[in-house]
Amino acid sequence: MVAESPKLSTEAGQGALIASAARAKTEDALGPDVRPLWATVNICDTQRSPNALGVRTSVPGNGSNQRIFARYTAQWWSSAKQEWQTVGGSGITDWVPLGNADMTSRQAGWTFHFVQPPAGKTYVMRGAVELQWRGFVKRAHRSHKGRRAHNSARRAARKPQRLRIAVVRKRTLLTATGMKHVEGGDPVGLSKAMCLIW
């Protein structure tokens, strides 16, 4: 039987969880085969991590000075609606910085802690990870008519280009099974698409 609308535990403080992302590191030593873009469940209701759902992501670098950000979402399966639902409350994190894209690959993660389900109930969980690459792009110039436009264009040609930070690429990943070299797992190396919390 599936429990409806799982509740997050108040123990899941954001400050402690951000430290998990801050420990993300490059994986140069593991070789090019670990560069895929993926998300996986790496913690699933164990003795050391009861009622927990750990969502891990691997992001390959692109050699640029772009900054990579991730937002993690905990989802649960609603048997009544026959669809995945986002956990209410703190089921979606803030955007977490993963670092600079000038690397081979980087892993980071977030752990959601839930209240113990009632006896005989089970939460069927998965994770989603939204990724953004943010970089500098040129600001668009406003067009003016007549002589003002001509003078404005001449002034703009003499000035250095003004830049702004914008999202230059984005992806959304759902947790999948069978990923290799997964860090921070409980047990070590765990990689699942879904998690049962009971």
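None of these values were measured; they are calculated from a predicted model.

*Asks:* Sorry if this is basic, but what is going on with the overall build of the protein chain here?
*Replies:* Counting its secondary structure elements, the protein chain contains two helices and nine strands. Across the 198 residues of the protein chain, 43% fall into the buried class. Taken as a whole, the protein chain presents about 11500 Å² of accessible surface, with 52% of it coming from carbon and sulfur.

*Asks:* So what exactly am I meant to see when it comes to the side chain of Thr-46 here?
*Replies:* Relative to the assigned elements, Thr-46 resides in the loop between strand E1 (38-44) and strand E2 (52-60). Since its relative accessible area comes to 17%, Thr-46 is described here as buried. Excluding residues that lie within four positions of it along the chain, Thr-46 makes contacts with Asp-186 and Pro-187.

*Asks:* What exactly am I supposed to notice about the environment of Glu-83 here?
*Replies:* Structurally, Glu-83 is set in strand E4 (residues 83-86). When neighbours within four sequence positions are excluded, Glu-83 is seen to be in contact with Trp-76, Trp-77 and Ser-78. Engagement of the side chain of Glu-83 in a polar contact is seen with the side chain of Gln-85, the distance being 2.6 Å.

Cut-offs applied
Residues numbered from 1 in each chain as written. Predicted model: local features only at pLDDT ≥ 70, side-chain atom pairs only at ≥ 80, totals over all residues. Heavy atoms only, no water. Helix = DSSP H or I, 4+ residues; strand = E, 2+ residues; numbered from the N terminus. Buried < 20%, exposed > 50% of the residue type's maximum accessible area, 1.4 Å probe, protein only. Areas by Shrake-Rupley, 256 points an atom, 1.4 Å probe, with all protein chains shown as cover. Contact = heavy atoms within 4.5 Å. Polar contact = N/O pair within 3.5 Å; in protein donor to acceptor, adjacent residues only side chain to side chain.

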